[in-house]
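Spelled out, the chains give:
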Amino acid sequence: AVVSTQSTGVHKFSKLRQYCSRMQKLHPNKLQGEELELTISKKTFDEQPCLSLVLSLSQVSVFELLDYIQEICLSSEEKSRIPTSVSSWIFSLLCVIDKPVPMDYMAIIRAVGRRCAVLSSDLLTSLDPKDLNASSDEPHFQYLVLFILVCHYFQQLDLLEEF
């Protein structure tokens with residue numbers, strides 16, 4: 001039952017990713033080839049991502065943001081202060097990644113997946129559903145979903161063996 005649920009979730013993500021790809025083609029970057037200059041700080045990720053911004057990003061910018069997120073926002077030193085909307089940013093950025101993914105970019109996706117697995121580990125170690133508190137475990141669920149997407153949609157199943 002769990003595998004079926006994961007497959008359904010990954011399928012829905014794939015459909016969403018295809019929709020984002022179509023939207024990018026229908027509404028090409030209005031910057032006419034100029035690279036978008038982003039001023040990014042950790043506070044940026046306390047706000048929900050803006051669809052028009054995410055859709056206008058080049059693949060290079062998407063991976064620069066993912067790299068920043070995994071190095072700064074999700075770093076183990078910062079566990080006590082992870083920006084409130086960082087999981088929404090990760091999900092949004094994953095939605096606009098073109099496949100096939102070059103190996104150097106896949107390394108960034110894998111690093112994000114690993115950090116999400118670590119952040120959801122408290123949830124994974126709690127095997128008794130009665131012990132789960134929905135409000136306190138919500139971020140753990142979000143990171144677990146992101147980890148599953150990285151493993152299944154981006155075909156990085158070997159990460160499952162690490163955790």
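We now turn to the structure provided with this report. Keep in mind it's a predicted model, so treat the numbers as computed, not measured.

## Structural notes on the environment of Cys50
Its place among the elements puts Cys50 in the loop between α1 (2–26) and α2 (51–56). A residue is classified by how much of its surface remains accessible, and Cys50, at 40% relative accessible area, is partly exposed.

## What about the packing of aromatic side chains?
The full count for this structure, using the stated rule, is 4 aromatic pairs. With a centroid separation of 5.1 Å and 80° between ring planes, the pair formed by Phe45 and Trp89 is classed as edge-to-face. Taken as a pair, Phe45 in the loop between α1 and α2 and Trp89 in helix α4 (residues 86–95) lie far apart in primary sequence, 44 residues in all. Relative accessible area serves as the criterion here: at 3%, Trp89 is assigned to the buried category. Judged by centre distance (4.9 Å) and plane angle (90°), the rings of Tyr153 and Phe154 are edge-to-face. Exposure remark for Tyr153: the relative accessible area of 10% places this residue in the buried category. With relative accessibility at 3%, the residue Phe154 sits in the buried group. Of the aromatic side chains, those joined through ring pairs into one cluster are Phe45, Tyr68 and Trp89. Looking at Lys99, its charged tip hangs above the ring of Tyr153, at a distance of 4.1 Å from the centre.

## Looking at the pattern of salt bridges
Counting across every chain of the model gives 2 salt bridges. Residue Asp158 pairs with Arg110 through a salt bridge whose shortest N-O separation is 2.8 Å. Remark: Arg110 occurs in helix α5 (residues 103–119) and Asp158 occurs in helix α8 (residues 158–162); sequence separation between them is 48 residues. Arg110 sits in the buried class, given a relative accessible area of 15%.

## What to know about the packing of helix α3 (residues 59–73) against α5
Following both chains from N to C, one finds α3 and α5 inclined at 35°, their axes separated by 9 Å at the closest point. In this structure, the crossing between α3 and α5 has a hand that is left-handed. The segment α3 lies against α5, with Val60, Phe63, Leu66, Asp67 and Gln70 engaging Tyr105, Ile108, Ile109, Ala111, Val112 and Arg115. Here the contact of α3 with α5 is composed, by residue class, of 8 nonpolar, 1 polar and 2 charged.

## Description of the nonpolar core
Formed by 41 residues in total, the largest nonpolar core has its most connected members in Leu66, Ile69, Ile90, Leu94, Ile97 and Phe154. Of all elements in the fold, only α1, α2, α3, α4, α5 and α7 (134–152) reach the threshold of two or more residues within this core. Apart from the residues within four sequence positions on either side, Leu94 is in contact with Phe13, Arg17, Leu66, Leu146, Val150 and Phe154.

## With respect to the side chain of Gln156
By the element assignment, Gln156 lies in the loop between α7 and α8. For Gln156, the side chain forms a polar contact with the side chain of Arg110, separated by 2.5 Å. Not counting residues within four places of it along the chain, the set of residues in contact with Gln156 comprises Met106, Arg110, Val150 and Cys151.

## Points about α3
Between its terminal C-alpha atoms α3 stretches 20 Å, which fits the 21 Å expected from 15 residues at 1.5 Å a residue. Taken as a whole, α3 has its buried residues at Ser61, Val62, Phe63, Leu65, Leu66, Ile69, Gln70 and Cys73. The secondary structure elements touched by the buried residues of α3 are α4 and α5.

The rules behind these values
- Residues numbered from 1 in each chain as written.
- Predicted model: local features only at pLDDT ≥ 70, side-chain atom pairs only at ≥ 80, totals over all residues.
- Heavy atoms only, no water.
- Helix = DSSP H or I, 4+ residues; strand = E, 2+ residues; numbered from the N terminus.
- Buried < 20%, exposed > 50% of the residue type's maximum accessible area, 1.4 Å probe, protein only.
- Phe/Tyr/Trp six-rings, centres within 6.5 Å; stacked < 30°, edge-to-face > 60°.
- Lys NZ or Arg CZ within 6 Å of the ring centre and 35° of its normal.
- Salt bridge = Lys/Arg side-chain N within 4 Å of Asp/Glu carboxyl O.
- Axes fitted to C-alpha atoms, helices over the stretch in contact; angles between N-to-C directions.
- Left-handed = near helix turned anticlockwise from the far one by under 90°.
- Contact = heavy atoms within 4.5 Å.
- Nonpolar A, V, L, I, M, F, W, Y, C, P; charged D, E, K, R; others polar.
- Core = buried A, V, L, I, M, F, W, Y, C linked by side-chain atoms within 4.5 Å.
- Polar contact = N/O pair within 3.5 Å; in protein donor to acceptor, adjacent residues only side chain to side chain.
- Expected span 1.5 Å × (residues − 1).

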